[in-house]
Structures are given as structure tokens and as C-alpha cells.
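Below, each chain spelled out in residue letters.
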Amino acid sequence: MTNNNMVAMIVEIEKQCATEIEKAEADSKSAIEAHRKALEEKKVREFDLIAAEAQEKLQKAVEESKRASEEKLEYVRNDLKIFLENQDINREIEERIVSTILSD
């Protein structure tokens, strides 16, 4: 084999290797980009899921707070109704007010 043939073979092998390397790099870049895109999509889905769960918890908390407030309001209304309807309590309050005023 002559030097020229050996050089030609080396050059051809170098070209083939360079081509294979370029193809491998392109394949790797495509795989990396596909993986990056999949991860971005997963991130968006997870963020949406977290936001939906937070919204649901907030809605439940608001409903529970509203229910508790309504119960307390009903309790106060009942107490006020009893208070306003009970003449004995009203007389006692009036007597204490008058007594306090007169004692000053």
C-alpha cells in the first residue's frame, strides 16, 4: 500500500468518523430538546394541578368560614331574640341602669 493510498484511507476514515459524530450530535440535540419539551409540559401540568388544588382548598375554607359565621350569627340572633322577649331581663337591666344613674 502506498503512502497516498494510506493517506486517502485515513482521510476517508476521518470523514466517516466526522459524519458519524455530526449525526450523533444531531440525534443527541434532538433527544435533549424532546426531553426538555416533555419536562416543560410536565411542569405546566403540575403547576396547573397545584393551582387547582389550592383553589379547591380556598373554596372549601371560604365555604366553611361562611357556614361557621352563619351558625354564629344565628346563635346571636337567638340570644338577642330571647333577650328582647324576656321582660324580666329588660326590667332588671332598667333597674340597674336607674340604680347606677341615681347612685352617681
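This one's a predicted model, so the numbers in the text were calculated from it and none came from an experiment. (Residues numbered from 1 in each chain as written. Predicted model: local features only at pLDDT ≥ 70, side-chain atom pairs only at ≥ 80, totals over all residues. Heavy atoms only, no water.)

A. Layout of the pattern of salt bridges. Within the structure shown, the criterion is met by eight salt bridges. The closest approach of N and O atoms between Asp88 and Arg91, which form a salt bridge, is 2.6 Å. Here Arg91 and Asp88 lie together in helix H2 (residues 87–103), a separation of three residues that amounts to about one turn. When its relative accessible area of 43% is taken as the criterion, Arg91 is described as partly exposed. For Arg96, the salt bridge is made with Glu92, and the minimal N-O distance between the two is 2.7 Å. Highlighted residues: Arg96 and Glu92, both in helix H2, separated by four residues, approximately one helical turn. Sharing partners across several salt bridges, the network here consists of Glu64, Arg67 and Glu71. (Salt bridge = Lys/Arg side-chain N within 4 Å of Asp/Glu carboxyl O. Helix = DSSP H or I, 4+ residues; strand = E, 2+ residues; numbered from the N terminus. Buried < 20%, exposed > 50% of the residue type's maximum accessible area, 1.4 Å probe, protein only.)

B. Molecular detail of the side chain of Asn90. With respect to the helices and strands, the residue Asn90 is situated in helix H2. Residue classification places Asn90 among the buried residues on the basis of a relative accessible area of 18%. With sequence-adjacent residues up to four places away left out, Asn90 is seen in contact with Phe83 and Leu84. (Contact = heavy atoms within 4.5 Å.)

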